[in-house]
Amino acid sequence: MPPYMMYHTHAHPFVGVILMIGIWVVQLLIAFLIFRDAKEQKMLAPVWTILAILPFFGFLVDIVYLIIRELRAPRKMETPPASL
């Protein structure tokens, strides 16, 4: 057996496509959550959402968003929360 065939796996031909679609769905879900949070934090929600959807770059943007969100000064709430 040639050496280049020793590590060949016999996976289903659609495994890569299914994995790619699954990762993209997760990326869309995270982008939606970023949109809601950025809108609430009075940040540029459409820009963050578009950046979060970009393939390969989106997950890095997610991490950068979380870091920037935590480093920003906390926003003043317009109405105080109801006490329990």
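Every chain begins its residue count from 1, and numbering advances along the sequence as written. With pLDDT at 70 or above as the cut-off, local features in this predicted model cover only qualifying residues; side-chain atom pairs require 80 or more to be listed or tallied, and sums for whole chains, interfaces and linings still use all residues. Side-chain measures here rest on the full set of heavy atoms in the structure, leaving out hydrogens and waters.

### Observations concerning the overall build of the chain
Thought 1: Within the chain, the secondary structure is distributed over three helices and zero strands.
Thought 2: Taken from N to C terminus, the helices and strands of the chain fall in the order α-α-α.
Thought 3: Counting across all 84 residues of the chain, residues that qualify as buried make up 18%.
Thought 4: A contact between two residues is defined here by any heavy atoms of the two lying within 4.5 Å. Contacts in the chain between residues far apart in sequence, at least 24 positions, make up 54% of those at least 6 positions apart.
Thought 5: Of the roughly 7400 Å² of accessible surface on the chain, 76% is carried by carbon and sulfur atoms. Helix and strand definitions here come from DSSP, where helices need a minimum of 4 consecutive H or I residues and strands a minimum of 2 consecutive E residues; each element is numbered from the N-terminal end. Partly exposed describes any residue whose relative accessible area lies between the buried limit of under 20% and the exposed limit of over 50%, with all areas from a 1.4 Å probe on protein chains only and scaled to the type maximum. Residue-level accessible areas treat just the shown protein chains as cover; the underlying method is Shrake-Rupley with a 1.4 Å probe.

### A look at the environment of glutamate 70
Thought 1: Tracing the backbone through its elements, the reader meets glutamate 70 in helix 3 (residues 58-71).
Thought 2: N or O atoms closer than or at 3.5 Å make up a polar contact, with two conditions inside protein: a donor-capable atom paired with an acceptor-capable one, and, for residues adjacent in sequence, both atoms drawn from side chains. A polar side-chain atom of glutamate 70 sits 3.2 Å from a polar atom in the side chain of arginine 69.

### Observations concerning unusual backbone geometry
Thought 1: In this structure, lysine 42 is a non-glycine residue whose phi angle is positive, near 60°.
Thought 2: With respect to the secondary-structure elements, lysine 42 resides in the loop between helix 1 (15-40) and helix 2 (45-53).

### Here's the deal with helix 1
Thought 1: Each residue after the first adds 1.5 Å to the expected span of a helix. Given a rise of 1.5 Å per residue, 26 residues ought to cover 38 Å, and the 38 Å separating the end C-alpha atoms of helix 1 matches this to within 8%.
Thought 2: Inspection of helix 1 places Gln27, Ala31, Ile34, Asp37 and Ala38 among the buried residues, and these make up the whole buried set.
Thought 3: Of the surrounding elements, those touching the buried residues of helix 1 are helix 2 and helix 3.
Thought 4: Phi turns positive, to about 60°, at lysine 42, one or two residues after helix 1.

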